[in-house]
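# Survey of secondary and tertiary structure
The primary structure of each chain is shown beneath.
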Amino acid sequence: MFANIQAVLFDLDGTLIDSAPDLGAAADKMRAARGLPSLPMAHYRPMAGAGARGMLEVALGVAPDHANFDVLREEFFANYEQGMTEQTYAFAGVDQLISSLLARGLPWGVVTNKSKRFTDPLTRSMPLFESAKVVISGDTTPHAKPHPEPLFEAARRLAIDPALCLYVGDDERDIVAGRAAGMGTVAATYGYLGQKADPLQWGAHAIINFPADLLQLLHKA
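Quick summary incoming for the structure in this document. Computed from a predicted model, the values in this text were never measured in an experiment.

## Remarks on the pairing of strand S6 (residues 165-169)
In terms of burial, S6 is a largely internal element, five of the five residues being buried. Burial along S6 is two-sided: the residues Cys165, Tyr167 and Gly169 and Leu166 and Val168 are all buried. Note that strand S1 (residues 7-10) and S6 share four bridges and pair parallel. Looking at the pairing, alanine 7 lines up with cysteine 165 of S6. Bridging between S6 and strand S7 (residues 184-188) involves four bridges; their strand directions are parallel. Counted as the bridge partner of leucine 166 is glycine 184 from S7. One crossover worth recording links S6 to the parallel S7 by way of helix H8 (residues 172-180), and it is right-handed.

## Comments concerning the layout of surface pockets
Of the pockets and cavities examined, the largest pocket occupies roughly 630 Å³. Only helix H3 (51-60), helix H4 (69-83) and H8 provide two or more residues apiece to the lining of the largest pocket. Looking at which element gives the most residues to the lining of the largest pocket, the answer is H4, with five residues. Grouping the constituent residues of the lining of the largest pocket by class yields ten nonpolar, five polar and ten charged.

## A few points about the side chain of threonine 112
With respect to the helices, strands and loops of the structure, threonine 112 is situated in the loop between strand S4 (108-111) and helix H6 (116-124). Classification of threonine 112 as buried rests on a relative accessible area of 3%. When neighbours within four sequence positions are excluded, threonine 112 is seen to be in contact with Asp11, Leu12, Asp13, Thr119, Ile136, Ser137, Gly138 and Lys145.

## Here we look at the pairing of S1
Both faces of S1 are covered, namely the face carrying Ala7 and Leu9 and the face carrying Val8 and Phe10. Relative to S4, S1 runs parallel, the two sharing three bridges. By the bridge assignment for S4, valine 8 is matched with tryptophan 108.

The rules behind these values
- Residues numbered from 1 in each chain as written.
- Predicted model: local features only at pLDDT ≥ 70, side-chain atom pairs only at ≥ 80, totals over all residues.
- Heavy atoms only, no water.
- Buried < 20%, exposed > 50% of the residue type's maximum accessible area, 1.4 Å probe, protein only.
- Helix = DSSP H or I, 4+ residues; strand = E, 2+ residues; numbered from the N terminus.
- Pairing = 2+ DSSP bridges.
- Right-handed = clockwise from strand over helix to strand, strands pointing away.
- 1 Å grid on protein atoms, 1.4 Å probe; cavity = no way out; pocket = protein on both sides within 12 Å on 5 of 7 lines; lining within 4 Å.
- Points joined across faces, edges and corners; volume = space filled by probe spheres on them.
- Nonpolar A, V, L, I, M, F, W, Y, C, P; charged D, E, K, R; others polar.
- Contact = heavy atoms within 4.5 Å.

Set out below in structure tokens:
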């Protein structure tokens, strides 16, 4: 599956970068605005991969079927937009991983469900992404993951057959999308996973516990 890989694509939050501190801070700010006590980051981190939905559930106990969910989500977005680069950083080993891919002549890119409203300024603010050949956001195409279209779009922009691309993510939706696109898939366990996630059940072609493990997979192939 990995022997003829010509490009590597990654999910963003929980795979390349740890944005949980800024996501949690945006949600906790909503608690403060309502006179509620702050929650420890440990409460927010497991739900960071679920974005606004997860953060609102932790901070206010609000689900998408709540009457004011859309209004609350926009309040969360506004908070996050103001501070989304304050505490966000690449996971340990990611910089070295990207450097090694470039040394091998492998182009790389990002396919995330995060909207361009956040993806573009966030990736522009981090030197890590200067070498990315493609960045696909959740609203770049009419469909978001687990639909394969964002991955197909990334492959088209790279002019590389999807079957020759590898997709790495920390959520089951990433693996579902990658397999639907005919790509090799790798589940990253160092990300957010969630409270009940079991990567062994996702159907990924491989599982990695650290970013450097990806290089070992490619080397063996």
